[in-house]
Amino acid sequence: MRRRTDFRIRPDFRDGFGNPSHGGERGKLKNMPTVEQALFSVTETDRAAGYRVVAQSRGVCDADARELAVWGPSHDSMLDLCPESESFNFHPLPSGAYCISRTRPIRQGHDSAGLRVSTQCLIARPETLARFGNNPFALIRAASAEKAWHDGASGGSTLEPLTLTGGAVPVDQSLLGELTGDPGPENMAALVQAARESVCLAIGGTPSPRQLIAGLFSCLPPECRLEISFSTGLKFSPRRPFRIVALSGDAAERQWVANYSNVMVLDVRAGQSPPSMPIDGWARWIQRAMAAGRIDFLASQVSKRRFHLTWDDLPALGLQLLEELDDSELSDFQKPADVAEESPMESHPRREQQAHAAHHQFAKSMVQIRGMMPPSATLQDSPEILSPVVLEKLEQLDDLVYEAIGGQSEMMEQLRVAWPKLVVELGEPMLAESREQYLRYALSIWEECVDGDNIRDPLRAIQALDVICLLFGDAQ
C-alpha cells in the first residue's frame, strides 16, 4: 500500500513476486545492484560489414550473448534516424536475466550511407529489477542518472559491469496524472486491455509511445510487468518478437503492420474515443480510478505486494478494487470529517487458516499473531514514506526478515538488534504494512511446509514463526 516491491531473490525459495529463484548468493546488505553490459553494433572487415556483439562484460553468458544478437537491430531499423533519436527496449534472456537496451543512430564515414545504429545492452538479474519495482523505465532513469549510457564507442571488447544506486517506487504518479489528461482515462483503459489481450500491440498517438508504455507499466502490478517486452522506437519486425512496439505517423507503415496476423494496432490520443472493445475488471478499475482523480488510491493498490499474482488474476482483482473504490467514495461522502476511515483490511477480512492436528501449537501461534496485525499505513498517514533514507531502511529490513526466514542465523541476530531501533525511528504506522506482508509471506511458507496433518519441513516452519514472533511480540 505504499512504496516498493523490492523483495530479493534468495537461494532455495521464491522471490517476493512468487517467481522461482534463479539462484546465486547475495552479497552484503549494502551492496548496490550490479548489471552486466554488452554492445551490439556494426563491424567492418576487408570482406564485409555486419552487426554483432562487439563488446561485453565478463558476466554475460554465451546464451545471452547469442540472444542479444537475435534481438539486436541493424541500420534502417529505427522509426526516426535523426541524431538525437533513441529507442529503449526490454526483453527476457535465456539465463533468466532481462535486457534493457538503448538504440541510437551513429554516423560512420562521410556520406548518408554511413548512418547506422548502435545498441547498448544492460543485463539485469530479476532481483535487480525488483529493486526498481520491476519497472524497466525506473532502471533506465537510474542508468541515466549514473551517466551509464554512452555514445556507442566500446573502447575494446571487454566492458565493465555497472553499479546502480538507489531504487524506485513501483508507480510514477506524476506520469499517470499527465496521462489522465492526455490521452485520458478511457484511452488508458483501452491500452491496458489491449496489452493484456494482444500477442503483439503496435501503439501510436499522443503522447509519445514511450510515455504511453511507461504509463502502462505504472498501471500493472509489479508481479505482472516482466511479461511485457517492448520497444519505444524500433520498427516492427517479426524477427524481434516484442509484445509492444511503437508506430510512426506514416499511414503506409501502419497499414503494413496491421496486415500481420496477431498484431493489434491501437491509436490513442486526447479527444478521440478508443476503439470499441470489451474491457475486464482491471481495465475498468484503472479507468474509474483515473477518471475520479484517485491516482493515490491507484498507486497504493498497484504497489501492494501480492504473492503469486498472475495476469489471469487481474480481472477479479480489478472488480474487488472497484468495490473498494466505491466504498471509499461513499464513505468520504457520508462520514463526518472527524471519523476515521475504516481500513480496507477490516472491511474485507481474509479467511483464517485452518489448524492441523500435527501442528496445532504452531498454528495457534500464527492465528494469534494474525490477530495482532495492525491496520495498513497509508500514504496520507506517512507523507515521508518516499524519502530515500526511509526507503533504504525499509529495504534493509526486507533483507533481514526474508533472509532470517530463509534460515540465515546471523541475519536473525541482526534482526533482533535492528527491529527495536527501526520501530523507534520509523514508528508503528510506517511499519504496519511491512509487518502485514511479512506475515503473509510467513503464512505462505507455513502452507508449503504442511502436507495434510504432517509438517514436511519443521525447521523452515519454526524459522518463519520465530521471525514473526519477534516482529509481533511473543504470541505463544
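Because the structure is a prediction, the values reported are computed rather than measured. Throughout this description, residue numbers start from 1 for each chain and increase along the sequence as written. Whole-chain, interface and lining totals are the exception, using all residues; otherwise, since this is a predicted model, local features are given only for residues with pLDDT of at least 70 and side-chain atom pairs are given and counted only at 80 or more. Side-chain descriptors were evaluated using all non-hydrogen atoms of the structure, hydrogens and water having been removed beforehand.

1. Some points on the pattern of salt bridges
Cut-off, in case you're wondering: Basic side-chain nitrogens of Lys or Arg form a salt bridge, by our definition, when they fall within 4 Å of a carboxyl oxygen of Asp or Glu. Put simply, DSSP marks the helices as runs of H or I at least four residues long and the strands as runs of E at least two long, and each gets a number from the N terminus on.
According to the stated counting rule, one finds nine salt bridges in the structure shown. Salt-bridge contacts for Asp267 lead to Arg254; the nearest nitrogen and oxygen are separated by 2.7 Å. Of the two residues, Asp267 is situated in strand S11 (residues 263-268) and Arg254 in helix H8 (residues 251-258); the sequence distance between them amounts to 13 residues. A cluster of three or more residues bridged by salt bridges with shared partners is formed by Glu86, Arg102 and Arg210.

2. Considerations on the side chain of Asp267
As a reminder of what qualifies: Here a polar contact means two N or O atoms within 3.5 Å. Within protein one must be a hydrogen donor candidate and the other an acceptor candidate, and residues neighboring in sequence count only if both atoms are side-chain atoms. Working rule for contacts: check all heavy atoms of both residues, and any pair within 4.5 Å makes them a contact.
Here Arg254 takes part through its side chain, which lies 2.7 Å from a polar atom of the side chain of Asp267. In terms of polar contacts, Asp267 uses its side chain to reach the side chain of Arg269, at 2.9 Å. Excluding residues that lie within four positions of it along the chain, Asp267 makes contacts with Gly204, Gly205, Arg254 and Gln272.

3. Quick look at the packing of helix H9 (residues 281-291) against helix H10 (residues 295-303)
Rule in force here: With axes taken as lines fitted to C-alpha atoms, and helix axes fitted only over the stretch in contact, angles between N-to-C directions fall between 0 and 180 degrees. What makes a crossing left-handed is the near helix being turned counterclockwise from the far one by less than a right angle; a clockwise turn instead makes it right-handed. Basically, the charged four are Asp, Glu, Lys and Arg, the nonpolar ten are Ala, Val, Leu, Ile, Met, Phe, Trp, Tyr, Cys and Pro, and anything else, Gly included, counts as polar.
Closest axis-to-axis distance for the H9/H10 pair is 8 Å, and the angle between their directions is 145°. Between H9 and H10 lies a crossing of left-handed hand. Here Trp282, Trp285, Ile286, Ala289 and Met290 of H9 come into contact with H10, specifically with Ile295, Phe297, Leu298, Gln301 and Val302. In terms of residue class, the contact of H9 with H10 is made up of nine nonpolar, one polar and no charged.

4. What to know about the nonpolar core
This is how it is decided: Each nonpolar core is a collection of buried residues, namely Ala, Val, Leu, Ile, Met, Phe, Trp, Tyr and Cys, held together in the definition by side-chain atoms within 4.5 Å. To sort residues, take the accessible area from a 1.4 Å probe on protein chains only and compare it with the maximum for the residue type: under 20% means buried, over 50% means exposed, and anything in between is partly exposed.
Counting residues in each nonpolar core, the largest one holds 64 residues, and the members touching the most others are Ile244, Trp282 and Trp285. What Ile244 contacts, discounting residues up to four positions off in sequence, is Ala195, Leu201, Ile203, Ile213, Leu216, Ile228, Ser229, Phe230 and Ser231. Grouped together as the second largest cluster of nonpolar side chains are 28 residues, Leu415, Leu431, Ala442 and Leu443 included.

5. Description of H9
Residues spaced three or four apart along an α-helix point in a common direction, a consequence of the helix completing one turn every 3.6 residues. Turning to H9, its buried residues number three or more, namely Gly281, Trp282, Ala283, Trp285, Ile286, Ala289 and Met290. Of the residues that open H9, the one with a side-chain oxygen 3.1 Å from the backbone nitrogen of Trp282 is Asp280. Where H9 terminates, the next one or two residues include Gly293, which has phi positive at roughly 70°.

6. Description of the environment of Leu79
Mapped onto the elements, Leu79 comes out in the loop between helix H1 (62-71) and strand S3 (87-92). Its relative accessible area of 26% is what places Leu79 among the partly exposed residues. For the pair formed by Leu79 and Gly249, sequence separation is 170 residues and the distance between their alpha carbons is 9.6 Å. If near-sequence neighbours (up to four positions away) are discounted, Leu79 is found in contact with Gly233, Leu234, Lys235, Ala246, Leu247, Ser248 and Glu253.

7. A closer look at the confidence of the model for the protein chain
To keep things clear, this is the line we draw: Residue-level confidence of the predictor is what pLDDT reports, using numbers from 0 through 100.
Residues with a pLDDT of 70 or more make up 74% of the protein chain, whose mean pLDDT is 79. Confidence over residues 1-30 falls short of pLDDT 50; this stretch has 105 contacts with residues more than four positions distant or in other chains. Counted against residues more than four places away or in other chains, residues 338-386, with its pLDDT under 50, gives 91 contacts.

8. Here we look at the packing of aromatic side chains
The criterion, for reference: Planes of paired rings set the category: under 30 degrees apart is stacked, over 60 is edge-to-face and the rest tilted, where pairs are Phe, Tyr or Trp rings (Trp by its six-membered ring) whose centres lie within 6.5 Å.
Counted according to the given criterion, the structure contains 13 aromatic pairs. Consider the rings of Phe88 and Trp149, whose centres lie 5.6 Å apart with planes at 65°: the pair is edge-to-face. Here the residue Phe88 occupies a position in strand S3, and Trp149 occupies one in the loop between helix H3 (136-145) and strand S6 (158-159), the gap between them amounting to 61 residues. Overall, Trp149 belongs to the buried group, its relative accessible area being 12%. Ring-pair connections join several aromatic residues into one group, and the members of that group are Phe90, Tyr98, Phe137, Phe217 and Phe230.

9. Remarks on the side chain of Gln193
Secondary-structure assignment places Gln193 in helix H5 (residues 185-197). Since its relative accessible area comes to 2%, Gln193 is described here as buried.

10. Describing the environment of Asp76
With respect to the secondary-structure elements, Asp76 resides in the loop between H1 and S3. Within the structure, Asp76 has its side chain in polar contact with the side chain of Lys235 (distance 3.3 Å).

11. Quick word on unusual backbone geometry
Omega for the peptide link from Asp182 to Pro183 comes to 20°, which places this bond in the cis form. Position of Pro183 among the secondary structure elements: in the loop between helix H4 (173-181) and H5. Look at the link from Thr206 to Pro207: it is a cis peptide, with omega at -10°. Looking at the element boundaries, Pro207 is found in the loop between strand S8 (200-205) and helix H6 (209-218). Phi at Asn134 is positive, roughly 55°, even though this residue is not glycine. With respect to the helices and strands, the residue Asn134 is situated in the loop between helix H2 (126-131) and H3. Residue Asn134 is classed as buried on the basis of its relative accessible area of 1%.

12. Looking at the pairing of strand S1 (residues 34-44)
As a general feature of sheets, a regular strand has side chains that alternate between the two faces. Definition in use: Here, strands pair whenever DSSP counts at least two bridges between them.
Across the eleven residues that make up S1, a large majority, eight, are buried. Alignment of S1 against strand S7 (residues 162-163), held across two bridges, turns out to be antiparallel. The residue bridging Thr34 from the neighbouring strand is Thr163, located in S7. With five bridges connecting them, S1 and strand S5 (residues 115-124) associate as antiparallel partners. Its bridge partner lying in S5, Leu39 is registered against Gln120. Across seven bridges, the pairing between S1 and strand S2 (residues 49-57) is antiparallel. Paired with Leu39 across the bridge in S2 is Ala55.

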